[in-house]
Amino acid sequence: GILPKSTECANMQKQFTLVMEELNALLPAMQKSVNQFLDWRRHVFIPEINRVYRVNAGCKLHVCATMNPSTYAGTHELTPDLADRFVEIDVPYPSPEMETDIIEHEGIDDKIFNGLVSIATETRAGYANNDLDVAISPRTMQKFCDVYRSYLANSDIKDRALELAAQHCLLSKYKVPTQKAQIQKRVYRTLGIKVAS
């Protein structure tokens, strides 16, 4: 598993960083199994092979974890004991300027991309106010750009590329009819296109 392997890497390299992504996707019982690795014991015991893995003296193993809010589908609350083993840092969405640098949007008209940034920013505010169930993430924005370029390259649907990208990448994120209607209005107001649900 990843925990024993990380200790071996730390011992070999003298310093190693383990990043555990989406930590709260672990079921609570699995979260408990990580505790001994992150507390004063600093080891992991594998009973099936009766072996303890630990970082040697003079070696360092840095453990970081990422997670989405526990309100996201497929996530769980962190157990209090596991949460206690980390220092939590809230990372907000990037600013519109940062997203312009982050999202690969070459070949997409600035007006369209800036409209996408505006829609994403508005959905994040809607999510924060509990008006929307989903906020458009940078990952979704990148998907929109990739899909839009792909549709533009297809001569059969080139004329509907923007509409289809908005429908498949933005509107499809929303299941509640009133929320879908909000996104349709935002897309029309911002990008000037009507998107069918």
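Rules used in this analysis
Residues numbered from 1 in each chain as written. Predicted model: local features only at pLDDT ≥ 70, side-chain atom pairs only at ≥ 80, totals over all residues. Heavy atoms only, no water. Helix = DSSP H or I, 4+ residues; strand = E, 2+ residues; numbered from the N terminus. Rg over C-alpha atoms; globule rule 2.2 N^0.38 Å. Buried < 20%, exposed > 50% of the residue type's maximum accessible area, 1.4 Å probe, protein only. Contact = heavy atoms within 4.5 Å. Areas by Shrake-Rupley, 256 points an atom, 1.4 Å probe, with all protein chains shown as cover. Lys, Arg positive; Asp, Glu negative; His and termini not counted. Charge placed at Lys NZ, Arg CZ, Asp CG, Glu CD. Axes fitted to C-alpha atoms, helices over the stretch in contact; angles between N-to-C directions. Parallel < 35°, antiparallel > 145°, perpendicular 65-115°, else oblique. Left-handed = near helix turned anticlockwise from the far one by under 90°. Nonpolar A, V, L, I, M, F, W, Y, C, P; charged D, E, K, R; others polar. Salt bridge = Lys/Arg side-chain N within 4 Å of Asp/Glu carboxyl O. Expected span 1.5 Å × (residues − 1). Polar contact = N/O pair within 3.5 Å; in protein donor to acceptor, adjacent residues only side chain to side chain. Patch = residues over 30% accessible without salt bridge, like charges linked within 9 Å, V, L, I, M, F, W, Y side chains within 5 Å. Core = buried A, V, L, I, M, F, W, Y, C linked by side-chain atoms within 4.5 Å.

Our next topic: the overall build of the protein. Scanning the protein from N- to C-terminus turns up 8 helices and 4 strands. In summary, the protein has a C-alpha radius of gyration of 22 Å against a globular reference of 16 Å for 197 residues, an excess of more than 25%. Out of the 197 residues in the protein, the part that is buried amounts to 38%. Taking the contacts inside the protein whose residues are at least 6 apart along the sequence as the reference set, 64% of them involve residues at least 24 apart. Only carbon and sulfur atoms are counted for the fraction: they give 54% of the accessible area of the protein, which is about 12200 Å². Positive and negative side-chain charges in the protein, numbering 23 and 24 respectively, have mean positions lying 4 Å apart.

Another point: the packing of helix α5 (residues 110-128) against helix α6 (residues 138-152). For the pair α5 and α6, the least separation of the axes is 11 Å and the interaxial angle reads 150 degrees. In terms of orientation, α5 and α6 fall into the roughly antiparallel class. Considering the relative orientation of α5 and α6, their crossing is right-handed. Of the residues in α6, those touching α5 at Ile112, Phe113, Leu116, Val117, Ala120 and Arg124 are Pro138, Met141, Phe144, Cys145 and Tyr148. When its residues are assigned to classes, the contact of α5 with α6 shows 10 nonpolar, no polar and 1 charged.

All chains considered together, the criterion is met by 9 salt bridges. In this structure, the salt-bridge partner of Arg149 is Asp146, at a minimum N-O distance of 2.8 Å. Residue Arg149 and its partner Asp146 are both found in helix α6; the two are separated by 3 residues, about one turn of the helix. Under the relative-accessibility criterion, Arg149 is labelled partly exposed at 21%. Residue Asp146 is classed as partly exposed on the basis of its relative accessible area, which comes to 38%. Within the structure, one salt-bridge network assembled from shared partners comprises Asp39, Arg41 and Arg85.

The end-to-end C-alpha separation of α5 is 27 Å, in line with the 27 Å expected for 19 residues at 1.5 Å each. Those residues of α5 that fall on the buried side of the exposure criterion are Ile112, Phe113, Gly115, Leu116, Val117, Ile119, Ala120, Thr123, Arg124 and Gly126. In this fold, the buried residues of α5 make contact with α4 (96-102), α6, α7 (161-170) and α8 (177-191). Where α5 begins, one side-chain oxygen reaches toward the backbone nitrogen of Lys111, 2.8 Å away; that side chain belongs to Asp109. Asn130 sits one or two positions beyond α5 and adopts a positive phi of about 65 degrees.

Our focus in this paragraph is a nonpolar patch on the surface. Taken together, the side chains of Val87, Ile89 and Val91 define a hydrophobic patch exposed on the protein surface, amounting to about 390 Å² of accessible area. Summarising the element assignment, Val91 is placed in the loop between α3 (80-83) and α4.

Moving on: the packing of α6 against α7. α7 packs onto α6 with a crossing angle of 145 degrees between their chain directions and a minimal axis gap of 9 Å. For the pair α6 and α7, the sense of crossing is right-handed. Facing Thr140, Lys143, Phe144, Val147, Tyr148, Tyr151 and Leu152 of α6, the residues of α7 in contact are Ala161, Leu162, Leu164, Ala165, Ala166, His168, Cys169 and Leu170. Across the contact of α6 with α7, the residue classes break down as 12 nonpolar, 2 polar and 1 charged.

Attention now moves to unusual backbone geometry. One non-glycine residue, Arg42, adopts positive backbone phi at about 50 degrees. Take Arg42: its relative accessible area is 62%, and that puts it in the exposed class. Although it is not a glycine, Asn50 adopts a positive phi angle of roughly 50 degrees. For Asn50, the position within the fold is in the loop between β2 (43-46) and β3 (51-54).

Our focus in this paragraph is the nonpolar core. Ranked by size, the top nonpolar core spans 30 residues in total, and within it Phe113, Met141, Phe144, Tyr148, Leu170 and Val187 carry the most contacts. Only α5, α6, α7 and α8 provide two or more residues apiece to this core. Core analysis: the second largest hydrophobic core is formed by 13 residues, Phe37, Leu78, Leu82 and Ala83 among them.

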